[in-house]
Structure formats: structure tokens, C-alpha cells
Amino acid sequence: MMYPERGTSAHINLSHLLHNIEVFKKLHPGPIMAVVKADAYGHGLARVTDSLKSCDALAVATIEEAMQLRSFIPDKRILLLEGVFNAEELELAIEQRFDLVVHQFYQLDVLLKSSNAKPLLNVWLKVDTGMHRLGFDWADYPQVLDQLKQVKMIKEIRLMAHFAQSDQVDHQQTQLQLQRHQILQQHDFECSFANTGAVLNGLSCAGEWARVGLGLYGISPLADRFAADFDLRPVMQLSAKLISIKTVKQAETVGYSAQFTCLQDMLVGIVGMGYADGYPWSEHHSHVVIRGHQAPIIGRISMDMMAIDLSAVKQPLIGEPVHIWGSEQAVEQVAKELHTIPYTLVCGITGRVKFHVIDSL
Ligand SMILES: Cc1ncc(COP(=O)(O)O)c(C=O)c1O
């Protein structure tokens, strides 16, 4: 008898990543900054960094992420998207040649108080053009810009902003942000405004540094268009295995809280993937794919398992691969069905899932 393995795995297809970079280079006439925060959106920073060498810069959120990235890639420009929080981090950033976002007065204060006078630091002045998350207020940024120009340790200044809803091109807020971005571009500095949604919607400006995250991993953030519509290919293939099959009688229930009741006798499969692997517990239900057939997820997601309806699968076998998301079904579709966003799904994959790297097509 052949015994199955749990086999819960994520395959990371680097040739898809390389392909996606080329797609973005065609879509955006300007430098591309690959956003690799949160362990490259759950894909694994160490796994993907080498493939991102043709990008012009890389961006992360925390100084720890930046340090890890620097150990993989000694020469590339690395931008700290939240900047530094104190003088020690500033010294580390200078030593490691990190570019810094400056988005609040306390960061300006750290820069002004530094005794470091060698012009080594590149800063990206973040302006709040309407997102209202990070960035200096629209009214304050000219004064901050003047102050930054006086800081001796600063070598280069760039201007940066972030779209609140790059998926809504015609929205009043997007239009206001676009107007403000045009004004920012009139300064004599390079700029960075666009994220994946902005590039896919044609909102990026020629020559700006597009900061592309989700799209590089072959996923679309847009509500109405999936990545495949832009010829982007999914980098992560998430799969698990059928670890149990059983017939459950009509009127019996499946799983915790007896949430699913069988309307007839039915074949139920148990898949080795639960919320401790990163598949979210949700009131909503999606489905998985087996041999090209959709199998609805039924009942509650457990910590280590999920139950599926095997009615559509002929003679299912223990140990069969079950596709959760990737080429067989877009993660955007799963996100839609679970009433969430694809970002949370890929970022949520836990260390229990075994990763494998695929280098070629
Ligand atoms: C400041 C900033 N720029 C760029 C990005 C990349 O966005 P996306 O993954 O939608 O391309 C993010 C992601 O959250 C971000 O916070």
C-alpha cells in the first residue's frame, strides 16, 4: 500500500516572476521598484531576490527586512518605506546605504539632529496627496522640502506619494491625487507615485519610479480584471493533498459547529490545509480544484484541514493533489469568494507550508 504525505506546499515559479517583470517594463516607461516587504508578499525574500536584479530598486517596510535584503543584494538601491524611527536606525541606514522615506516631522528632526555631515543619504519626501496614511500634509510639504534641501547629509531628494484607490480611475479622490502628482512633478526632483493598480490602469507617469508589489507576483489588485488579463502569471502555486475520503450520509453534518448538512449521501474529502497553514477561517466559502474539477469547500475551515465536496471528481484518490490557488485557479477568485483581498491570502501563508522553487517554465 502506498502511503500519502501531507504535502501542503507552495511552488514558487521564478520564470513567472521574470516574465511579470518584463510585462511591467512594457507597461511602465520608467524605473521599476520591486516591493518585497512582508517576505516578498509571502513568497520568500530569499527565494525571489536573485530574480529581481533587473529591477531598478527594491522596497521594504522595516529596517529588519532591509537588513535581510542587503545581505542578499549588496549593491541594489533599497528603500525603507516607513523610514527610520530614531537616530540609531538612521546611522544603520547610512551604513547600509538604505534610501529613506521621510513622512513625519519626527523623522525630519532625527535628520536635523544628526551630526553626520557627509552627503551620503538619499531621501524620498512623502507627500500626503489624499491617501491620508503616511506623508506630510499638502500644505506643509513645500516647507519640509526647503528644510531637507539644507540638510548636509542628504545626497539626493525624491518626491513620493501613494494612491488611495488606484483601481478607481474616475473617482474624485484619484483625480485630485493625479492633479497633485502633476504639481509635484513640476519640482526639479524625480518622483514615485504608482503602485500595481496605478500601472495596470495606465496612471503611472513616464519616468517616475513605479513601486510594484502584487503585480510582480502575478496577481491583480483590480476588482474587475484578473492578472491573466494583463498576461501576468501567478508566481505562487499553493496546493495540498487529499488525506481522507469518506461517504457522509444524508442529513449528517460535516466539521465543527455542524455548519454543513449533507442534502444527500455524499463523498467528502479532507484536505491537509487549514488556517494554521494560512488558509483563512471565514464565514464565506470558496472552492479548490482537483483534476481540473471545482470542488466546493464545505463547513468550517479547521486549524489543519478543510472539508470539500467531491461529487464532481470521479473516483478520487487519497494523496491526490488539491490546487488551492495559482495557475489552476486565480488567487483573485479565491479572495473574491472569501470577501477578502489577495494580499492577505499570499501574505498569510505560514511556515508550516513547504516551499519549493521552480526555476524554469
Ligand atoms: C507605500 C507603498 N508603495 C507601494 C506598494 C505596492 O503596492 P502594490 O502591491 O499594490 O503594488 C505598497 C504596498 O502596500 C505600499 O505600501
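Remember, predicted model here, so these are calculated numbers, not experimental data.

Asker: Outline the pairing of strand 5 (residues 98-102), supporting the account with residue identities and numerical values.
Answerer: Summarising burial for strand 5: five of the five residues are buried, a large majority. Neither face of strand 5 is open: one carries Phe-98, Leu-100 and Val-102, the other Asp-99 and Val-101, and all of them are buried. Both strand 4 (residues 77-80) and strand 5 contribute to a ladder of three bridges, which runs parallel. Bridging across to strand 5, Ile-78 finds its partner in Phe-98. For the handedness criterion, the β-α-β arrangement of strand 4, helix 5 (residues 87-95) and strand 5 is classed as right-handed.

Asker: Outline the layout of surface pockets, supporting the account with residue identities and numerical values.
Answerer: Approximately 680 Å³ is the volume attributed to the largest pocket. Considering the residues around the largest pocket, the lining is formed by 30 residues, among which Lys-37, Tyr-41, Arg-133, His-162 and Tyr-343 are closest to the centre. Where the lining of the largest pocket is concerned, the elements lending two or more residues are helix 2 (37-41), helix 9 (196-200) and helix 11 (342-347). Counted by class, the lining of the largest pocket contains 16 nonpolar, eight polar and six charged residues. Both domains that meet at the lining of the largest pocket, namely domain 1 (57-208) and domain 2 (236-358), each give it at least three residues.

Asker: Break down the environment of Pro-296 for me, citing the residues and quoting the values.
Answerer: Note on placement: Pro-296 falls in strand 16 (residues 293-298). Residues Pro-296 and Asp-309 lie 13 residues apart in sequence; the distance between their C-alpha atoms is 5.5 Å. Setting aside its immediate chain neighbours within four residues, Pro-296 contacts Ser-286, His-287, Ala-307, Ile-308 and Asp-309.

Asker: So what about the domain arrangement of the chain? Which residues, and what values?
Answerer: One can read the domain layout of the chain as domain 1 (57-208) and domain 2 (236-358). With centres defined by C-alpha atoms, the gap from domain 1 to domain 2 works out at 41 Å.

Asker: Tell me what's going on with a nonpolar patch on the surface, and back it up with residues and numbers.
Answerer: On the surface, a nonpolar cluster with roughly 310 Å² of combined accessible area is contributed by Tyr-275, Trp-281 and Met-303. By the element assignment, Tyr-275 lies in the loop between strand 14 (266-271) and strand 15 (287-290).

Asker: Give me the site of the ligand: which residues, what numbers.
Answerer: Close to the ligand lie 13 residues; Lys-37, Tyr-41, Thr-196, Arg-211 and Tyr-343 are nearest. Arg-133 is positioned such that a nitrogen or oxygen atom in its side chain is 3.1 Å from an oxygen atom of the ligand. Its free accessible area being 400 Å², the ligand has 91% of it covered by the protein chains. Comparing atom positions with the cavity grids shows the ligand to sit within the largest pocket. Where the shell around the ligand is concerned, the elements lending two or more residues are helix 2 and strand 10 (210-212). Taken together, the residues that form the shell around the ligand break down as five nonpolar, four polar and four charged.

Asker: Just give me the short version of empty space enclosed by the protein, but keep the residues and values in it.
Answerer: Evaluation of the coordinates by the stated rule reveals one cavity of 30 Å³ or more. Put simply, the largest cavity is a space of about 30 Å³. Every residue along the wall of the largest cavity is listed here: Tyr-279, Pro-280, Trp-281, Ser-282, His-284, His-285, Ser-286, Ile-297, Ile-301 and Leu-338. Partitioned by chemical class, the residues of the lining of the largest cavity number six nonpolar, four polar and no charged.

Asker: Could you give an account of the nonpolar core, naming the residues involved and the relevant values?
Answerer: Counting residues in each nonpolar core, the largest one holds 108 residues, and the members touching the most others are Val-36, Leu-52, Tyr-279, Met-306, Ile-308, Ile-324 and Trp-325. When residues of this core are sorted by domain, at least three fall in each of domain 1 (57-208) and domain 2 (236-358). Contact partners of Val-36, with chain neighbours within four places excluded, come to Leu-45, Leu-52, Leu-58, Ala-59, Val-60, Leu-69 and Tyr-217.

Asker: I'd like a rundown of the pattern of salt bridges, residues and numbers included.
Answerer: Inspection of the entire model under this criterion finds 13 salt bridges. One salt bridge connects Lys-241 with Glu-5, and the closest N-O pair in it is separated by 3.3 Å. Of this pair, Lys-241 sits in strand 11 (residues 236-248) while Glu-5 sits in the segment before strand 1 (9-13), and the two are 236 residues apart along the sequence. Note that Asp-304 is salt-bridged to Arg-352, the shortest N-O span being 2.9 Å. Here the residue Asp-304 occupies a position in the loop between strand 16 and strand 17 (306-309), and Arg-352 occupies one in the loop between helix 11 and strand 19 (354-358), the gap between them amounting to 48 residues. With relative accessibility at 27%, the residue Asp-304 sits in the partly exposed group.

Asker: Report on the environment of Ala-66, specifying residues and quantitative values.
Answerer: Looking at the secondary structure, you find Ala-66 in helix 4 (residues 63-72). With 27 residues separating them along the chain, Ala-66 and Ala-93 place their C-alpha atoms 8.8 Å apart. With sequence-adjacent residues up to four places away left out, Ala-66 is seen in contact with Val-60, Ile-78, Leu-80 and Phe-98.

Reading guide: rules and limits
Residues numbered from 1 in each chain as written. Predicted model: local features only at pLDDT ≥ 70, side-chain atom pairs only at ≥ 80, totals over all residues. Heavy atoms only, no water. Buried < 20%, exposed > 50% of the residue type's maximum accessible area, 1.4 Å probe, protein only. Helix = DSSP H or I, 4+ residues; strand = E, 2+ residues; numbered from the N terminus. Pairing = 2+ DSSP bridges. Right-handed = clockwise from strand over helix to strand, strands pointing away. 1 Å grid on protein atoms, 1.4 Å probe; cavity = no way out; pocket = protein on both sides within 12 Å on 5 of 7 lines; lining within 4 Å. Points joined across faces, edges and corners; volume = space filled by probe spheres on them. Nonpolar A, V, L, I, M, F, W, Y, C, P; charged D, E, K, R; others polar. Domains from an automatic or database assignment. Contact = heavy atoms within 4.5 Å. Patch = residues over 30% accessible without salt bridge, like charges linked within 9 Å, V, L, I, M, F, W, Y side chains within 5 Å. Areas by Shrake-Rupley, 256 points an atom, 1.4 Å probe, with all protein chains shown as cover. Salt bridge = Lys/Arg side-chain N within 4 Å of Asp/Glu carboxyl O. Near = heavy atom within 4 Å. Polar contact = N/O pair within 3.5 Å; in protein donor to acceptor, adjacent residues only side chain to side chain. Sits in = over half its atoms within 2 Å of the grid points. Core = buried A, V, L, I, M, F, W, Y, C linked by side-chain atoms within 4.5 Å.

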